[in-house]
Structures are given as C-alpha cells and as structure tokens.
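Working through the structure, step by step
Here is how the chains run, residue by residue.
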Amino acid sequence: MGIRNLCYILRFFSIPRSSSSFHFFSYTPLPSSFLFPIGCSSLCSSDHPFAHSSTFHSDINNGCLSLALHLHTRKYFSSYTYKSYWFRPYATPEQVSHIIALIREDVDDLGSELNGMNVSLSDSSVVEIFQRLACERVSALRFFDWLKGSDPELCVDPDIGALFVNNCGLLGNYEAMVPILSEFNLKGVFLGMKAFGFLMDMGLDKASSMECVRRVMDVFNEVGGVYRSCGVQLLIEMFGDSGCFEMAEFVIRTAGRKMMHYNVLMRILCKKGDCARVGDWVKEIKRCDCDPNGSSYDFLLSCLCKNGKIDEACQMLETMEKDYGLADVRTFDILVNFLCKCHQFGLALKLLDKMSLKGIEPSILTHAAIIKCYFESGKHEEAHEYVIGSAGMLSYSSNANYSLLATLYLKNGNVLLAHKVLSEMMDKGLKPNFSVYMKIRKRLEKQDEKDLSLELLRRYSSLIEK
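Residues numbered from 1 in each chain as written. Predicted model: local features only at pLDDT ≥ 70, side-chain atom pairs only at ≥ 80, totals over all residues. Heavy atoms only, no water.

What follows is about the overall build of the protein chain. Regarding its fold elements, the protein chain presents 29 helices and 4 strands. Here the protein chain holds 466 residues, and 46% of them are scored as buried. At a minimum sequence separation of 6, the contacts of the protein chain that also span at least 24 residues come to 66%. Here the protein chain has roughly 23700 Å² of accessible surface; of this, 53% comes from carbon and sulfur atoms. (Helix = DSSP H or I, 4+ residues; strand = E, 2+ residues; numbered from the N terminus. Buried < 20%, exposed > 50% of the residue type's maximum accessible area, 1.4 Å probe, protein only. Contact = heavy atoms within 4.5 Å. Areas by Shrake-Rupley, 256 points an atom, 1.4 Å probe, with all protein chains shown as cover.)

What follows is the structure, given as structure tokens:
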C-alpha cells in the first residue's frame, strides 16, 4: 500500500503533459507530520490487525520491490493512469457508510453509483468496508470488481487480497477465490491464515465444516504452486493452534496421510507440551501403515524434555538407536541442551562421548551449551580445555567456541584472559568474531592496556589480509 500512499503525496505536483519535468504549484516545505498521516494507511499502525500478517513473499518478489516502485512512479508520471480516481478527494466516513449500504442493497449498477460519488477510498476505508461486509455476511465480489478497475494497485496488496478471499469463504463462493489466488500465486505470494480464517469463524457443524475444508483444499489444488505445497500445512497449523485436532486430522487424512503433515501437527503439540497426545499420534501413524521418521521421534523427545521427563527422554533415545537407528545430530542436540539447562552435566558429557564414538559432530548450539555449563559451574579451565579439544578435532565451530569463551571471560570481568583466548585462537589461524574482538580491544584501552590492544589489531589485520 506504500506505493498508493506515495501516489497520494504526488497530488501536490503539477505534471505538464509535454515535458518530463514537474513543478510545484507553490513551493512550501511540508513537514513529514503533515504529509504522511494524510496518505498513510492505518494498516501501518502497530495496532492494526494486519501489522503482523502471516503473509509471506518469495525472495524474488521481495527483491523486485524497489524496481516495482521505480517503474510504477514512472508510469504514473508519463501516462496519467488512474488520475480520474486518485485525484478525487477521499471519501468521508458518511460516504463510506453509504458505499456499504449500496453494496448491501445490491443495486443494479453499482459501478456507476460508486463512480458518481466522485470520491476515492483510503486504504483504511477499504479495510473497513471489507470488515463490515464480512460481519454482515454480504458479498464483496461486485465491490472488488469495481475496485480492480479503479485502483488495481490496491487489489494486488496481500492484506486486501486476504480480506476478499475471506469474504468469499464466508459466502461459500469458492470459485471466486481461484482467480485472485492464482494472481498472487504467480507473484510467489501466500496469503496466509487471515485469508482462510473463515473456516474457524463460520460456526458450522462437523459435517459442514469438513465439506468447507474439502472445498478449500480443492481450490488449493486448482491454483497449484505455493498454495498446493503450503495450503495443507496452513490448514493443519490453523486447526492445531486452535485445538481443533479432529479437523487437523481430517485435513491430514484427506491429503493422503503424509508423514510431513503428521509432523506439522506433532510440532504444534510439542510446543503445547502435550506429550501424551504426541505419543498417541506416533502410535496412530504406525496403525495407518505410515512409518514415523527421525523428526517424529525428535518432536516426542523434545516434548518429554520440555516437561522435565529426563528418564523417559533417555529411554526414548535408546529406543530410537536400538529399534529404528534414527538418532542423529539433532536428536543428541535436543537432549544435550536440555540436560545442560537442568544441570545434569554428567549425563550431558556421557552423551557427548557417545556422539564422538558414533562420529557425530555436535552443533554450534550444543558446543555453546557445554561451554556455558562449564563456565557457570566455575570450571573455567575445563571450559578452556573443551574449546581446545574441539579445535583439535578440526571442528567447524571452533571459531564460535573460542569467541564464546572470550566473551564469557570478558563478562566475568577478566579482560586479560579474554585477550589470551583471542591470541590463542589467532595463533591457530582462527579469526575471532568481529564484535567480540572489538569489545575486548575497547576494554583493553579503557584499562590502559593499549599495547595489548594494538597487538590484537596487528594480529587480526594479518588474518584478514591472508
């Protein structure tokens, strides 16, 4: 909607048809407090329902944002496209209410009636119209068709698109969803839960709700692309987050009982800490001749850890190793990190030994958990030895381990030992984290250790030059 707001600001300009230059009617510096509240939508407000939209865009689409702004601005300057709409005054609240009444009454020639009002609609007014129509269960289809002709830029905004799709769903007009979703699909834009929230708001009985869900899934299949790949996951998340597990299971069953979909639901249950239900789902998956994978058991393991069930979590690890051979770096990382948080350091070290025997390299987060656990227990030398040992194994995380240890020494008020750690790692050809390096240098200078600071500068510079 920012492009549309920019175009509103451009109402201050006079643009000669025969020249590429433009001039002010009169030049008076305008403060931002005057310009932007006039053209800016309430959608920009942190309190607006779309301020934290679940809509996401492809990287390609995001990458073209500045180019799209540039091209649109040039088009506006050169062709006067949509000037008959954009140069009209914004509708007053009374006029917005009149527009809603016209739509509600389903007048014969809605487009002519709206054009005859000789007003344009602000972003917030358009949102208000869609929201009122949704509350009253009035179709927004004819209004949206008129808006596409009057302000096409606004109709490709994801928030407005989500409002329109939601309105179609509330009225059971699934066919009208397909063209708008197809247009967003071509742009790599997925409208998210706000577009399909009507499935939670209609208050239907079980059979009717299932029929609506089935029709939405048919729409996803017809549109294809990102909607076919992500639509089922969205429905599972939406129902799972709301506690409608029966509907979530219906979506999974309708989509063909794929393991990846079961895992979506189990991840939600894990966040809720519902170990019993996660375990039940693992059993359900087996009964449906669908083999749980490593992620399935990792979710259950994580859930057990979250609920403080250490013994059960350790037993689960043994089962995963013995019966399924599924324990991998992620599995060990979950349990080691949990044991460190619970101060079960002995068990955490035993798991590290087991990882070493299996040739599994711990992740950076697991190394960090061990180093912090040593340090917080007052075993600074042991932490240092651990960092040295991991570097000796040519660990990919050696730089991070040394930088973390230096940071811990610095936070503990021992800048000389922090300097020693950085010197040691640079002796091995490892480059410290830049922010850590700078903090230690500044602290040395504050403590009048300028020679040591210059030494770090020299050694760090020589590493960069290599």
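Per the UniProt record, "repeat: PPR" (unreviewed entry) is found at residues 293–323, 328–362 and 398–432. Spanning residues 398–432, this segment combines 77% helix with 0% strand, and its end C-alpha atoms are found 10 Å apart. (UniProt positions renumbered as here; feature names shortened; annotations may be inferred.)

What follows concerns the environment of alanine 134. On the secondary structure map, alanine 134 appears in helix α8 (residues 123–136). What makes alanine 134 buried here is its relative accessible area of 13%. Apart from the residues lying within four places of it in its own chain, the contact partners of alanine 134 are Asn166, Asn167 and Leu170.

In this section: the environment of cysteine 275. Topologically, cysteine 275 is positioned in helix α19 (residues 275–287). Residue class for cysteine 275 comes out buried when judged on its relative accessible area of 9%. When the C-alpha atoms of cysteine 275 and asparagine 307 are compared, they prove to be 7.9 Å apart, with 32 residues separating the residues in sequence. If we skip the residues at most four places from it in the chain, cysteine 275 touches Leu300, Cys303, Leu304, Asn307 and Lys309.

This part takes up the packing of aromatic side chains. A ring pair, where both rings are aromatic, is described by two values, the distance of the centres and the angle of the planes. Counted according to the given criterion, the structure contains 15 aromatic pairs. For the pair phenylalanine 434 and tyrosine 437, a centre-to-centre distance of 5.9 Å together with 45 degrees between the ring planes defines the contact as tilted. With phenylalanine 434 and tyrosine 437 both in helix α28 (residues 434–446) and 3 residues apart, this pair spans about one turn of that helix. Exposure remark for tyrosine 437: the relative accessible area of 3% places this residue in the buried category. (Phe/Tyr/Trp six-rings, centres within 6.5 Å; stacked < 30°, edge-to-face > 60°.)

This part takes up the pattern of salt bridges. Summed over the entire model, instances satisfying the criterion amount to 16 salt bridges. Glutamate 237 serves as the salt-bridge partner of arginine 267, at 2.8 Å between the closest nitrogen and oxygen. Linking arginine 267 in helix α18 (residues 259–272) with glutamate 237 in helix α16 (residues 225–241), this pair joins segments that are 30 residues apart in sequence. Sharing partners across several salt bridges, the network here consists of Arg104, Glu128, Arg132 and Glu136. (Salt bridge = Lys/Arg side-chain N within 4 Å of Asp/Glu carboxyl O.)

Within the largest apolar cluster, 141 residues are counted, with the highest numbers of intra-cluster contacts made by Phe130, Phe143, Leu181, Phe196, Tyr227, Leu235 and Ile440. Here phenylalanine 143 is in contact with Ile99, Ile103, Leu110, Leu114, Leu121, Ile129 and Phe130, once residues within four sequence places are set aside. (Core = buried A, V, L, I, M, F, W, Y, C linked by side-chain atoms within 4.5 Å.)

Listed as buried for helix α9 (residues 141–150) are Phe143, Phe144, Trp146, Leu147 and Ser150. Viewed along the axis of α9, the buried residues span an arc of 160 degrees, placing them on a single side of the element. (Arc of directions from axis to C-beta.)

Attention now moves to α16. Its 17 residues place the ends of α16 25 Å apart at the C-alpha level, agreeing with the 24 Å of an ideal helix rising 1.5 Å per residue. The principal kink in α16, of about 40 degrees, is found at glycine 231. The set of residues buried in α16 consists of Val226, Tyr227, Gly231, Val232, Leu234, Leu235, Ile236, Glu237, Met238, Phe239 and Gly240. Glycine 243 occupies a position one or two residues after α16 and carries a positive phi of about 80 degrees. (Expected span 1.5 Å × (residues − 1). Bend = angle between axes of the 7 residues up to and from the residue.)

Along the polypeptide, serine 125 turns up in helix α8. We classify serine 125 as buried; its relative accessible area is 8%. Separated by 2.9 Å, the side chains of serine 125 and serine 122 make a polar contact. (Polar contact = N/O pair within 3.5 Å; in protein donor to acceptor, adjacent residues only side chain to side chain.)

The subject of this paragraph is the packing of α18 against α19. Where α18 contacts α19, the two axes come as close as 9 Å, and the packing angle between them is 165 degrees. Compared by their axis directions, α18 and α19 come out roughly antiparallel. Considering the relative orientation of α18 and α19, their crossing is right-handed. Contacts from Met259, Tyr262, Leu265, Met266, Leu269 and Cys270 in α18 reach Arg277, Val278, Trp281, Val282 and Ile285 in α19. For the contact of α18 with α19, a count of residues per class yields 10 nonpolar, no polar and 1 charged. (Axes fitted to C-alpha atoms, helices over the stretch in contact; angles between N-to-C directions. Parallel < 35°, antiparallel > 145°, perpendicular 65-115°, else oblique. Left-handed = near helix turned anticlockwise from the far one by under 90°. Nonpolar A, V, L, I, M, F, W, Y, C, P; charged D, E, K, R; others polar.)

Despite not being glycine, asparagine 118 shows a phi value in the positive range, around 55 degrees. Structurally, the position occupied by asparagine 118 is in the loop between α7 (110–116) and α8. For asparagine 118, a relative accessible area of 44% translates into the label partly exposed. One non-glycine residue, histidine 343, adopts positive backbone phi at about 60 degrees. Examined against the element boundaries, histidine 343 turns out to sit in the loop between α22 (329–341) and α23 (345–358). Given a relative accessible area of 63%, histidine 343 falls into the exposed group.

In this section: the environment of tyrosine 297. Along the chain, the position of tyrosine 297 falls in helix α20 (residues 294–306). Residue class for tyrosine 297 comes out buried when judged on its relative accessible area of 3%. Taking the C-alpha atoms as reference points, tyrosine 297 and glycine 279, separated by 18 residues in sequence, lie 9.0 Å from one another.

It is the contact of helix α15 (residues 206–223) with α16, at a shortest axis distance of 6 Å, that shows an interaxial angle of 155 degrees. Classed by the angle they form, the pair α15 and α16 counts as roughly antiparallel. In contact with Val213, Val216, Met217, Phe220, Asn221 and Val223 of α15, α16 contributes Gly225, Tyr227, Arg228, Gly231, Val232, Leu235 and Phe239. Its residues assigned to classes, the contact of α15 with α16 comprises 9 nonpolar, 3 polar and 1 charged.

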